[in-house]
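Okay, here's what each chain looks like letter by letter:
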Amino acid sequence: MPPGLDALKHIVVLMMENRSFDHMLGSLKAVNPQIDGVDGTQWNPDTQGNQVFVQPLAEFQSQLDPDPDHAFPAVDQQIFNGDQSNPRVASMKGFVQNYFQQQQDLAHSQKIMYYFTQQQLPVLTSLATNFAVFNRWFASIPGPTLCNRAFAHYGTSFGQVGMNVFYPQGKSIYERLQDAGHTAKLYYFDQQSSSLEVVNLLQHQPALFATYDQFLADCKSGTLSDYSFIEPNYSDHDNDDGEQLASDQHPDHNVQAGELFIASVYNAIQANATLWASTALLVVYDEHGGIFDHIAPPACTPDGYSAGPADTQLSYTFNFDRLGVRVPAVLISPWIPKGTVVGTDRVFEHASIPNTVTNHFIGPYPAATPREQAAQTFLDLLSLDTMRTDSVVFNT
Amino acid sequence: MTDAAPEPKQPGPRQRRPRTRTAPAERGDVTFIRVPLPPASAFNKNRPPGCLIQAQLKHIHHAESARLPKEKRDGRRPEDIKTESEAAEYIAKITKLLHPTRAKRRKPPLSN
């Protein structure tokens, strides 16, 4: 076993909200051409047939208001641009026209093509260039948040393509770990923000949960669980510590607040030398939030479920055989070679998370869905023979 | 008297400061990167709840209905909640019932 894997005692996943790869990390193509981002030539047609090119004009807040549609039918238009041929071509040319439908404002619809510069996002881009950035990490479903997050918890959404309440028919990664004698925690920001896993886990297994303050304390004391999943703050609100700014980066929440939160999670791990040497941190986004990305989502192994027209709100049944839009994903560990770019030949999705965690801590798990079992794992990226001694620290 | 004076409230950007220390001295090369704070104007607790919070409210309401007898329920429906602040208040109320956490330890009052 490589020494980095031998040393690995903790896996931490931070899942942010609703930003595409090109929007957040696309600018890094100029830094490293191996990173499959944008170079100014990518475009979408607007409703008048004009070519709207990507531009580095993204703003931290107030630009993507109203929140771009990312329900299943909207994402279908963004990917296929209305193509009804068989087989359909995933052209990634329907983003501008789809956003136009929300305000009927031509100029505003073009903002869906804007991306951030490297300088605007010092935390995410520094982590991406100092550790490992994935060229092909996709949302699990071409749809909204909750069904995509379900793939991170269960390796499937049990046939869901939307935001409805659902009941799992299989064990979450947290339950699997506990059954095998391991430890796991879901950390939500505070009680005002709470968890998105309310119906299935918070209600029935509250012992799995803790707040973000506890995560910071667990890092400091070296008592972090084997597996941790962190949820950002989903709302602007007051608590006992004063005003709390949403840090999830969901439009129209402030993107800089999310940068600070990512930095806080990273710094908490990095500041404890023992923990730093034995932890892998994955920062990943749940879905693209309706924002442009230029890579067509590939086909994938179905998970045995299907969603009919009543659920997809389209004329066809979805068999969970295609991934959602590409999202930012960065893996951080001192055992990863600096500047690793995970190639375009390796496709990851959120089912990669439970598959990786299960494989590392438990081993083969035949009860996982075919989809999860087929999902790529990512710990082979901890490939160094000697741990790096250089590091990045964020001053916040 | 051993108690420290309370820290003055910081004006400006409203963001919880990460409670972490900087790099240990025994490490190798360390690159320090400054992270800008969002402006104070970024905070808007009166913003209408977006689609994600609306869905969360429905799930919280579902759990409330399943777990609490009628006389102990909040009584609000998800569609009655008009701001992120109101949503946070309702979500906290039900979350405390589902997941009671230890109350924060208060600083003792200053002695004379």
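Attention here is on the structure that accompanies the text. Each chain carries its own residue numbering, running from 1 in the written order of its sequence. Lettering of chains starts at A and numbering of ligands starts at 1, both following the order in which they are written. Reporting of local features is limited, given that this is a predicted model, to residues whose pLDDT is at least 70; pairs of side-chain atoms are given and counted only at 80 or more, and all residues count toward the totals for whole chains, interfaces and linings.

This brings us to the overall build of chain A. Numbering of helices and strands runs from the N terminus, with a helix taken as a DSSP run of H or I at least four residues long and a strand as a DSSP run of E at least two residues long. Along chain A, the regular secondary structure elements total 15 helices and 15 strands. Our radius of gyration is a C-alpha quantity, and the globule rule it is checked against amounts to 2.2 Å times the number of residues to the power 0.38. In summary, chain A has a C-alpha radius of gyration of 20 Å against a globular reference of 21 Å for 396 residues, a match within 12%. Along the longest, intermediate and shortest principal axes, the C-alpha atoms of chain A span 60 × 45 × 45 Å. Put simply, chain A has 396 residues, and 59% of those count as buried. With C-beta atoms placed from the backbone, a residue is labelled by how many other C-beta atoms lie within 10 Å of its own: buried for 20 or more, exposed for 12 or fewer, partly exposed between the two.

Each helix and strand counted, chain B has two helices and one strand in total. In sequence order, the secondary structure elements of chain B are arranged as β-α-α. Taken across its 112 residues, chain B has 28% of its residues classed as buried.

Let's shift gears to the interface of chain B and chain A. Taken together, the contact pairs 51 residues of chain B with 55 residues of chain A. In the side of chain B that touches chain A, the residues fall into 22 nonpolar, 14 polar and 15 charged. At least two DSSP bridges between two strands are needed for those strands to be called paired. As judged from the five bridges shared by strand 15 (residues 391–395) of chain A and strand 1 (residues 30–34) of chain B, these two strands associate in the parallel manner. When the bridges of strand 1 of chain B are listed, Val393 of chain A appears paired with Phe32 of chain B. By the convention adopted here, residues make contact when the C-beta atoms placed from their backbones lie within 7 Å. Three classes are used: nonpolar for Ala, Val, Leu, Ile, Met, Phe, Trp, Tyr, Cys and Pro, charged for Asp, Glu, Lys and Arg, and polar for all others, with Gly counted as polar.

For the rest of this paragraph, the subject is the environment of Ile269 of chain A. Residue placement: Ile269 of chain A occurs in helix 11 (residues 255–270). When near neighbours in sequence (up to four residues on either side) are disregarded, Ile269 of chain A contacts Val12, Cys219, Leu275, Trp276, Thr279 and Leu281 of chain A.

Here we take up helix 1 (residues 51–67) of chain B. The span one expects for a helix is its residue count, reduced by one, times 1.5 Å. With 17 residues, helix 1 of chain B extends 24 Å from end C-alpha to end C-alpha; this agrees with the ideal 24 Å at 1.5 Å per step. Regarding helix 1 of chain B, the residues found buried are Leu52, Ile53, Ala55, Gln56, Leu57, His59, Ile60, His61, Ala63 and Glu64 of chain B. Turning to helix 1 of chain B, the residues buried within the fold contact helix 7 (145–154) and helix 9 (198–202) of chain A together with helix 2 (84–98) of chain B.

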